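This is what each chain is made of:
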Amino acid sequence: MSNRIKDTAIVRRAPFLNLEKSQQVKREIDDFLDTKIIEWNNTVPSAKHLENKEINQDYYKQTLIEHSWRIRLMRTVQCNALHKISQTNAEAAQLYAAYQDEEMLHDTLFMQDAESLGIAKETIFNTEPSFYTRLLSGFLYFIAEHEKPVGVVCYSYLVEYTTQKITPKQIKALSESIGKDKISGQAAHLNTDLVEDHTQDMWDILSKLIESEEDIQDVKRYLAEIQELLKMFFVDMHNKYIKE
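Residues numbered from 1 in each chain as written. Predicted model: local features only at pLDDT ≥ 70, side-chain atom pairs only at ≥ 80, totals over all residues. Heavy atoms only, no water.

J.: Is there a simple way to explain the side chain of serine 207 in this structure?
T.: Residue position: serine 207 is located in helix α9 (residues 198-209). Take serine 207: its relative accessible area is 11%, and that puts it in the buried class. Engagement of the side chain of serine 207 in a polar contact is seen with the backbone oxygen of aspartate 204, the distance being 2.9 Å. Ignoring any residue separated from it by four or fewer positions in sequence, one finds serine 207 in contact with Leu17 and Ser22. (Helix = DSSP H or I, 4+ residues; strand = E, 2+ residues; numbered from the N terminus. Buried < 20%, exposed > 50% of the residue type's maximum accessible area, 1.4 Å probe, protein only. Polar contact = N/O pair within 3.5 Å; in protein donor to acceptor, adjacent residues only side chain to side chain. Contact = heavy atoms within 4.5 Å.)

J.: Help me understand the packing of helix α2 (residues 57-86) against helix α4 (residues 107-116), please; the structure alone is not making it clear to me.
T.: It is the contact of α2 with α4, at a shortest axis distance of 8 Å, that shows an interaxial angle of 165°. As judged from the angle between their axes, α2 and α4 are roughly antiparallel. The hand of the α2/α4 crossing is left-handed. On the side of α2, the interface is formed by Leu64, His67, Ser68, Ile71, Arg72 and Arg75, while α4 contributes Asp107, Phe110, Met111, Asp113 and Ala114. (Axes fitted to C-alpha atoms, helices over the stretch in contact; angles between N-to-C directions. Parallel < 35°, antiparallel > 145°, perpendicular 65-115°, else oblique. Left-handed = near helix turned anticlockwise from the far one by under 90°.)

J.: How should I be thinking about the nonpolar core in this particular structure?
T.: What tends to happen in soluble globular proteins is that the nonpolar side chains get buried as a cluster. The biggest cluster of nonpolar side chains holds 63 residues, and the ones touching the most others in it are Tyr60, Tyr96 and Leu140. Breaking this core down by element, the ones donating at least two residues are α1 (19-43), α2, α3 (90-103), α4, α6 (131-146), α7 (150-179), α9 and α10 (213-242). Those residues within four positions of tyrosine 96 in sequence are excluded, and the remaining contacts are Gln78, Ala81, Leu82, Ile85, Val152, Val153, Ser156, Met202 and Ile205. (Core = buried A, V, L, I, M, F, W, Y, C linked by side-chain atoms within 4.5 Å.)

J.: In this structure, what is going on with the pattern of salt bridges? I would like to understand it.
T.: Evaluated as defined, the whole model comprises 15 salt bridges. For aspartate 215, the salt bridge identified is with lysine 148, shortest N-O distance 2.6 Å. Linking aspartate 215 in helix α10 with lysine 148 in the loop between α6 and α7, this pair joins segments that are 67 residues apart in sequence. Residue classification places aspartate 215 among the buried residues on the basis of a relative accessible area of 8%. Residues joined in a network through salt bridges with shared partners are Lys148, Asp215, Asp218 and Arg221. (Salt bridge = Lys/Arg side-chain N within 4 Å of Asp/Glu carboxyl O.)

The following block contains the structure:
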């Protein structure tokens, strides 16, 4: 007589990456992302616009609205991924659930900054997220359903890693161009990411979900694909607000 339940999370398996190998692979992935940041700055028009002394107000306001929507849409995407992860790795699922607990309502922080600029909540609710934001959400749903939930976690790792590298400069610049009192939500969001070390949290999850050398290469592929989707959004933003 055999057990019909096949979820592998029932069995606690030794991780593919031991501590030393995990640190080595993390350095490899981080080096890969550093090259992608350079590529981003060289290929995305207005990539550093928010670091300028003067910024386009319409561009900035739209980024706040899109950030609010992206976080709101991602929490359903990531909960779907959490369901998939819980079927294969209980420890990774526990860590991912804790991360969602800290991040899930952070759309309100960007809405807070939007309201400080006179954008009512109703305006945000009535503004449809961009085609590229919807495309990104759909892509991540597809990954979780038909490929590997590790690809969805790659989105969070990319966001947290680049936040750690880039956002402090943006917050400093925005405090001068917009005013500290109008970016308190974004500053609080950054503070949570840095104090809680969400980049390391995401790596702890990724390292448990990587089960082969092929997975390591797939992580790089997912990071590159997600960056391309994000790039499409920012190119569109440049064409709409800066180029004109």
